[in-house]
Structure formats: structure tokens, C-alpha cells
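# Remarks on the overall topology
Listed here are the chains, written in short residue letters.
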Amino acid sequence: MIPETTGPAAVIVLAAGAGTRMKSRTPKILHEIGGRSMVGHALLAARSINPGRLALVVRHERDLVARHLKELDPEALIVDQDDVPGTGRAVEVAVQALDAQEKLAGTVVVTYGDVPLLTGSLLADLVATHEREANAVTVLTALLDDATGYGRILRGDDSSVTGIREHKDATETERLIREVNSGIYAFDADVLRDALVHITTDNSQGEKYLTDVLGLARQSGGRVAAVVTEDRWQVEGANDRVQLSALGAELNRRTVEAWMRAGVTVVDPATTWIDSAVALDEDVRILPNTQLHGATTVARDAVVGPDTTLTDVSIGERTKVTRTHGSGAVIGADAAVGPFTYLRPGTVLGDTGKIGAFYETKNVTIGRGSKLSHLGYAGDAEIGEDTNIGCGNITANYDGEKKHRTVIGSGVRTGSNTVFVAPVTVGDGAYSGAGAVIRKDVPAGALVLSVAAQRNAEGWVVANRPGSRSAELAQAATSDSSHTPASTEEDQR
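Reading the values: rules and limits
- Residues numbered from 1 in each chain as written.
- Predicted model: local features only at pLDDT ≥ 70, side-chain atom pairs only at ≥ 80, totals over all residues.
- Heavy atoms only, no water.
- Helix = DSSP H or I, 4+ residues; strand = E, 2+ residues; numbered from the N terminus.
- Rg over C-alpha atoms; globule rule 2.2 N^0.38 Å.
- Buried < 20%, exposed > 50% of the residue type's maximum accessible area, 1.4 Å probe, protein only.
- Contact = heavy atoms within 4.5 Å.
- Areas by Shrake-Rupley, 256 points an atom, 1.4 Å probe, with all protein chains shown as cover.
- Pairing = 2+ DSSP bridges.
- Salt bridge = Lys/Arg side-chain N within 4 Å of Asp/Glu carboxyl O.
- Polar contact = N/O pair within 3.5 Å; in protein donor to acceptor, adjacent residues only side chain to side chain.
- Patch = residues over 30% accessible without salt bridge, like charges linked within 9 Å, V, L, I, M, F, W, Y side chains within 5 Å.
- Core = buried A, V, L, I, M, F, W, Y, C linked by side-chain atoms within 4.5 Å.
- Axes fitted to C-alpha atoms, helices over the stretch in contact; angles between N-to-C directions.
- Parallel < 35°, antiparallel > 145°, perpendicular 65-115°, else oblique.
- Left-handed = near helix turned anticlockwise from the far one by under 90°.
- Nonpolar A, V, L, I, M, F, W, Y, C, P; charged D, E, K, R; others polar.
- pLDDT = per-residue confidence, 0-100.
- Phe/Tyr/Trp six-rings, centres within 6.5 Å; stacked < 30°, edge-to-face > 60°.

### Looking at the overall build of the protein
- Broken down by element type, the protein carries ten helices and 37 strands.
- In summary, the protein has a C-alpha radius of gyration of 34 Å against a globular reference of 23 Å for 493 residues, an excess of more than 25%.
- Its C-alpha atoms give the protein principal-axis dimensions of about 125 × 60 × 45 Å.
- Out of the 493 residues in the protein, the part that is buried amounts to 46%.
- Of all intrachain contacts in the protein linking residues separated by at least 6 positions in sequence, the fraction that spans at least 24 positions is 40%.
- Accessible surface, the protein: about 24700 Å² in total, of which carbon and sulfur atoms supply 49%.

Dropping the structure here:
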């Protein structure tokens, strides 16, 4: 019987840094790209290789970071770094915490909370190479066209890694090396544990450096090797807003390209933004200047855009959503939304329904085939099937203290500028006249009117707005009518 394939013994994610160059009250690793925090991306990559255990080392804004991490991964072990600085010490406290549960044996991967484009497949390659070659340490490296500022990887004749030379300490020949250290490693647990004990803070920075493990491993006869990637973005971190923006743009480029290869038409990739958790079916069409955020889903043959921003919105098959801003809404199949429509949370539009131009909806369920075509507001309401809501209709749902519901049945037809003063119910098949103000329940099949006699106050403009253009025109019109020849008795006949 073939044993089940498992991942490394543990993954340690370093998430303790202050990130001062970000100049933000938000901890660096909690900044988002692609709708997910940087550390959220890092955790997904770590979990994807199925580690036996996962530990995260925290320090700066400890409680805020730990709370976010527990929301993302409740099973992860949160470890506090003490006052001893350095990546070596961060890993050391994580190993001690993991050993306290059960002594580590096997492969331990160390990565970071600010490398959001790192993929699980690259981490899996690192682990596979490390275990296949029985290395003491395997470092993930990258090939850069310009390696200025990075630590260079030094290799021996057998291609093993003999050292890492920091840029400031490198010779002119060494600075020509394009292979650089990513800081991401796979360690043998015993090698790592023993080496960490011997690392000191006897250096210019007064820190325990994780890179010192490589030299100690070689001194003990262990082999140090490397896995090389030419995809520098996978090992790129974000230390400031400029780097964060660059990583976000690259992540989006990859996300959009992946959806196009999966059968989605994106008319203008440069102006289209799609979060990591968005799900799209084949033959979806995305028009320019569209942003799809959160857990938005779009079904087959739907068209979204242009100029549309949706967050946590579900869109049915063959539906068209145009120039719309929406969140927390559900739109059925063969429906139409927009243009210039605002969908607020709780909006549910049934199949073949319509929410048209300059409409706002909130916490409203709209039945199959019903239409709210233009210039209105529907909130805290339930609308049945095949109902047509006229132009300028609103639900007056707030009395100054509480929200109330409006219930409108199926097959209802409402005239322009109807106001529903909630709480109120309109029965199936009812009609309303233009300008109706509905304060009482309307029986099924009834016509509701709000009729008052029209009164014309003749001469009001000339008397009350003297000198205005309106008064001049009114006076001229009145004067012209006074010169009209009187009708004869024969004309009247």
C-alpha cells in the first residue's frame, strides 16, 4: 500500500517586522493586494504544501496581527519573538515552541509574511529537492538582471552553496553574480536546531542571523544546496508603498492572464482588476474599467462593465451589469442592471429581472421578471414576480428611528413618482396612479390614487417675481392673448 504523501514537518512564517518604511498604522503584513493581506497570501502558499505544523512568529502590533492570523488559520501556532533581534532568533523561538508540543523531525521550511506572490508549487519544489538530495540546508534563490543590494550566492565546483556574500562585502567579481538569496529555506530540523544554539549576536547589527546556519551546517559536514527561480516576483517582498503597488499590479496581471487562459474575455487587461478569490466561468466577458473584488462570482456568458465595481456580488448566466457599483448582492440569470446603478448589501434580483438607470437598492428581494427601470430607490422591501415599478418610485422605509418593510405583490403596475410609506403592503395585480402616496395597504387588483384638485394661481409670477425672465415671458404671453380677436357667435357655433 502506497503511503499518503505528506509535506514538510513544519513551516515557519516570519511575521514580526515593524515595516517602518510603509509609514502606516497598519502592520506591514496586513496591507492587502488582490483582496487579501500579504500574510494571507503567504499562509495560503504555506498550507498548500501540507505541512505537519504551521507556526507564525509575531512581535510588532502583536495582538492585531495575531487576531488576523487566527481568523485566517485557527490551527496555526502563534509564537512571540522576544527582545533578541534577528531572523535567527525568530526561527529559534518558533522551533522551541514547536518542540514543546512535539520534537520536530524532518524538513522545516522558513518563509516570510511579506512575500505575497510566492506559490505553493515553488515551495513544493524546494522541499522536494531538499529531501531528494538529503541536504542539510536548501536555499531558494533567484536570478536577477540587476542584483544590486542583494546577498550573492557563492557556489563550489560541485554546485553546492559555499556561502552568501552581502553586496557591501562582495568583490567586483562577486558582484557580477546574478543569483541572489531570497531568505527562504528548507532545513533539516536537527541541523537547524543545533546551529541556532551556536549563532551569536556578535556582529555590527547585534542580531542573530539565520544565514549563519548555512556556514555552521557546512562545518558539520552537511551539504548546502539551492533551488533557483527566474521568477523574481515570487521572492519579492514589500517594504514600502511603492513595492506594495508593484506587487499588486503584478499579481493582478497574473490573475487576469490566468482567467483569460481559462476562457474569460477581458477586453482591456490594463484597466481590469480581479481579486484572488473571485470566480469566473467560461465565456464571461469583462469590459474596460471593471473591478471585481472579494468573493464575487460571475456565471457563464454574463457581461460585466464597463466602469463597474463589484464586491461580493453573485451574477447569474447571461446577465448584463453595466456601469454599476455594488456589494453584497445576488443577481439572477438573464437579468439586466445599470447603467449608473448602486446595489447595496442584501439586494437580490431574480431571473430575467431588471434594475435600471439611476437606481439604488438595499436589503430588497425582487422576484423573477420584475423591473425597476429608472430613477428610484427600493430599500427594506420585497417585490413579487412580473411587477413593473414606475419611474421615480421610492420606498420611504425610515421613520426617523426605525426601518420598516414594504411588500409589493406580483403583477403590480405602479405609476410614476409613487411613494410607498412603510410599513405597507400592496396586493397582487394592483395598480397605482402617477404621484400616488401609498400609506395604507392596497388590496389585490385595486387601483390606488392620491388625487387633489389642481389649483392655478393666475398672475402669480408677474406679481411675485417682477423683473425676472419668467415674468417678462409670462407678461408677453398674456399681452398677446389679450389681442386675439373675439370669436363671433357663428365661430362659436
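### Here we look at the pairing of strand β16 (residues 290-293)
- Covered by surrounding structure in β16 are Thr290 and Leu292 only, the residues Gln291 and His293 on the alternate face being uncovered.
- Here strand β13 (residues 272-274) pairs with β16 via three bridges, running parallel. Counted as the bridge partner of Ile274 is Leu292 from β16.
- Summarising the sheet, β16 and strand β19 (residues 308-311) pair through four bridges and their orientation is parallel. Within β19, the residue paired with Leu292 across the bridge is Leu310.

### Considerations on the pattern of salt bridges
- By the definition in use, this model includes 29 salt bridges.
- For the salt bridge of Arg253 with Glu257, the shortest nitrogen-to-oxygen distance reads 3.2 Å. Placement of both Arg253 and Glu257 in helix α7 (residues 241-261) is noted, with a separation of four residues, approximately one turn of the helix.

### Re the environment of Arg368
- Looking at the element boundaries, Arg368 is found in the loop between β27 (354-366) and β28 (371-383).
- Here the alpha-carbon distance between Arg368 and Ile184, two residues 184 residues apart in the chain, equals 54 Å.
- Setting aside residues up to four positions removed in sequence, Arg368 forms contacts with Gly350, Asp351, Thr352, Glu385 and Asp386.
- Of note is the side chain of Arg368, whose polar atom sits 3.4 Å from the side chain of Asp351.

### Some remarks on unusual backbone geometry
- The omega torsion across Gly338 and Pro339 is 5 degrees, close enough to zero to call that bond cis.
- Going from Ala422 to Pro423, the amide bond is cis rather than trans, its omega being 0 degrees.
- Looking at where Pro423 falls in the secondary structure, it is placed in the loop between β33 (419-421) and β34 (424-426).
- Here Asn289, not a glycine, exhibits a phi torsion of approximately 60 degrees, which is positive.
- Inspection of the secondary structure assignment puts Asn289 in the loop between β15 (285-286) and β16.
- With a relative accessible area of 35%, Asn289 lands in the partly exposed category.

### Observations regarding a nonpolar patch on the surface
- Where nonpolar side chains cluster on the molecular surface, the patch consists of Tyr431, Leu447, Leu449 and Val451 and spans about 460 Å² of accessible area.
- Within the fold, Val451 resides in the loop between β37 (447-448) and α8 (460-464).

### Digging into helix α5 (residues 189-198)
- Regarding α5, the residues found buried are Ala189, Leu192, Arg193, Ala195 and Leu196.
- Residues of α5 that are buried sit in contact with α3 (87-101), β6 (107-112), β10 (179-188) and α6 (212-219).
- Its side-chain oxygen placed 3.1 Å from the backbone nitrogen of Asp190, Asp188 serves as the N-cap of α5.

### Things to note about the pairing of β10
- Most of β10 sits out of view: nine of its ten residues are buried.
- Pairing between β6 and β10: four bridges, direction antiparallel. Counted as the bridge partner of Val108 is Phe187 from β10.
- With seven bridges connecting them, strand β7 (residues 137-143) and β10 associate as antiparallel partners. Residue pairing for β10: Val139 is matched across the bridge by Tyr185.

### Quick look at the nonpolar core
- Formed by 71 residues in total, the largest nonpolar core has its most connected members in Ile12, Val57, Val91, Val137, Leu192, Leu210 and Val213.
- For Val137, the contacting residues outside a window of four places in its chain are His130, Tyr185, Ala186, Phe187, Val213, Leu214, Ala217, Arg223, Val224 and Ala225.
- Listed in part, the 42 residues of the second largest apolar core include Ile286, Val313, Ile331 and Val448.

### Things to note about the packing of α5 against α6
- At a minimum axis separation of 9 Å, α5 and α6 run at an interaxial angle of 110 degrees. Taken together, the axes of α5 and α6 are roughly perpendicular relative to one another. By crossing handedness, the relation of α5 to α6 is classed as right-handed. In this structure, α5 contributes Val191, Leu192, Ala195, Leu196 and His198 to the contact, and α6 contributes Val213, Leu216 and Ala217.
- Taken together, the residues of the contact of α5 with α6 break down into seven nonpolar, one polar and no charged.

### A word on helix α1 (residues 38-47)
- Burial analysis of α1 places eight of its ten residues in the buried class, which makes it a mostly covered element.
- For α1, every residue scored as buried is listed here: Met38, Val39, Gly40, His41, Ala42, Leu43, Ala45 and Ala46.

### Notes on the confidence of the model for the protein
- In this model, the protein carries a mean pLDDT of 93, and residues with pLDDT of at least 70 account for 96%.
- Low pLDDT (under 50) marks residues 487-493, which in the prediction has one contact with non-local residues, meaning those over four places away or in another chain.

### What to know about the packing of aromatic side chains
- Enumeration according to the criterion identifies two aromatic pairs in this entry.
- When the ring of Tyr185 is compared with that of Phe187, the centres are 5.2 Å apart and the planes differ by 35 degrees; the resulting orientation is tilted. We note that Tyr185, like Phe187, is buried.
- Pairing Phe340 with Phe358 gives two aromatic rings, centres 5.2 Å apart and planes at 15 degrees, and the pair type is stacked.

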